[in-house]
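# Fold and contact review
What follows is the residue order along each chain.
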Amino acid sequence: MSYRLHYFPIRGRGEQIRVLLAALDVSYENVHVAGEKFGAMRAEGPATLNYLALPMLEDGDLRLVQGPAIMAYIGRTHGAAPTDPKEAARADSITLGAEDLRMKYFGLFGDGAAEKQKEFLDGAWGSRWLPAFEYLLESNGSNEHFVGNAFTFADAAVWDVLNAMVSFIDGATLDAVPRVKAFYDAFAARPSVATYLAGRPKD
Ligand SMILES: N[C@@H](CCC(=O)N[C@@H](CS)C(=O)NCC(=O)O)C(=O)O
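Scoring rules and cut-offs
- Residues numbered from 1 in each chain as written.
- Predicted model: local features only at pLDDT ≥ 70, side-chain atom pairs only at ≥ 80, totals over all residues.
- Heavy atoms only, no water.
- Helix = DSSP H or I, 4+ residues; strand = E, 2+ residues; numbered from the N terminus.
- Rg over C-alpha atoms; globule rule 2.2 N^0.38 Å.
- Buried < 20%, exposed > 50% of the residue type's maximum accessible area, 1.4 Å probe, protein only.
- Contact = heavy atoms within 4.5 Å.
- Lys, Arg positive; Asp, Glu negative; His and termini not counted.
- Charge placed at Lys NZ, Arg CZ, Asp CG, Glu CD.
- Phe/Tyr/Trp six-rings, centres within 6.5 Å; stacked < 30°, edge-to-face > 60°.
- Near = heavy atom within 4 Å.
- Polar contact = N/O pair within 3.5 Å; in protein donor to acceptor, adjacent residues only side chain to side chain.
- Nonpolar A, V, L, I, M, F, W, Y, C, P; charged D, E, K, R; others polar.

The helix and strand inventory of the protein chain stands at 9 helices and 4 strands. What you see in the protein chain, going N to C, is helices and strands ordered as β-α-β-α-β-β-α-α-α-α-α-α-α. Its C-alpha atoms give the protein chain a radius of gyration of 17 Å, within 12% of the compact-globule value 17 Å for 203 residues. Overall, the protein chain is about 45 × 45 × 30 Å in size when its C-alpha atoms are taken along their principal axes. Burial statistics for the protein chain: of 203 residues in total, 47% are counted as buried. Contacts in the protein chain between residues far apart in sequence, at least 24 positions, make up 66% of those at least 6 positions apart. Side chains of the protein chain give 20 positive and 26 negative charges; the mean places of these two sets differ by 1 Å.

Tallied over the entire structure, the rule returns 11 aromatic pairs. Measuring from ring centre to ring centre gives 6.4 Å for W129 and F133, while their planes differ by 35°; the resulting arrangement is tilted. Here W129 and its partner F133 are both found in helix α6 (residues 124–139), 4 residues apart, which amounts to about one turn of the helix. Overall, W129 belongs to the buried group, its relative accessible area being 6%. Overall, the relative accessible area of 3% leaves F133 in the buried class. Between F146 and F183, the aromatic rings sit 4.9 Å apart at their centres with planes inclined by 80°, giving edge-to-face as the arrangement. Here F146, found in the loop between α6 and α7 (153–168), pairs with F183, found in helix α8 (residues 178–189); they are 37 residues apart in sequence, far enough to count as distant.

So, on to the site of the ligand. Near the ligand you find Y7, F8, R13, F38, R42, A53, L54, P55, Q66, G67, P68 and E99, and these make up its full shell. At 3.4 Å from an oxygen atom of the ligand is found a side-chain nitrogen or oxygen belonging to R13. Between the ligand and the protein, one listed contact pairs a nitrogen atom with a side-chain N or O atom of Q66 at 2.6 Å. Of all the secondary structure elements, the ones that give two or more residues to the shell around the ligand are α2 (36–43) and α3 (67–77). Of the residues belonging to the shell around the ligand, the class tally is 7 nonpolar, 2 polar and 3 charged.

This is the structure we're talking about:
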């Protein structure tokens, strides 16, 4: 497999893709794009980066941008995506839901971070996001997967954003949602994921 994942040397929007590739045990080249290199890529225009933003997955002549689309592409390529149209749509929808939460998460830093984080934890985190994921797991049969009976890219998308929340937002826990907690722990315990997590930078 000759994937090249282009992203900044941080977790950010690249990490769900790295986590998915780890879960699938698929090798790839992790191309760190920093500073001038990003400027140079952007200068090449939309043929290199369609919207002048990262992440970008290179697979032969394909240069694919948009994190959730990259997740779906890798999932479909490696049998970690539903084939039934309704289930496939649910996997896409859940991955985009995780992306919505990821956008909220990115907004919790910078000026007024402590206040913004407290407001989010007191509000939408517990009243909106956690109940949504708990419901989706329960309605799928409480089998530690979000869609169907096996691992899909949607699992990796949700796991990564939950991991960002509990790792970097003080006070964010999964304690109130047992199905989410069980899903989270089971995903992290997958051998190839555990190996990846043990080896990645702590921040
Ligand atoms: N919807 C896109 C968002 C891509 C995006 O905004 N990437 C950021 C980094 S996380 C970026 O490259 N920002 C630089 C810029 O837009 O100038 C995705 O999910 O991949």
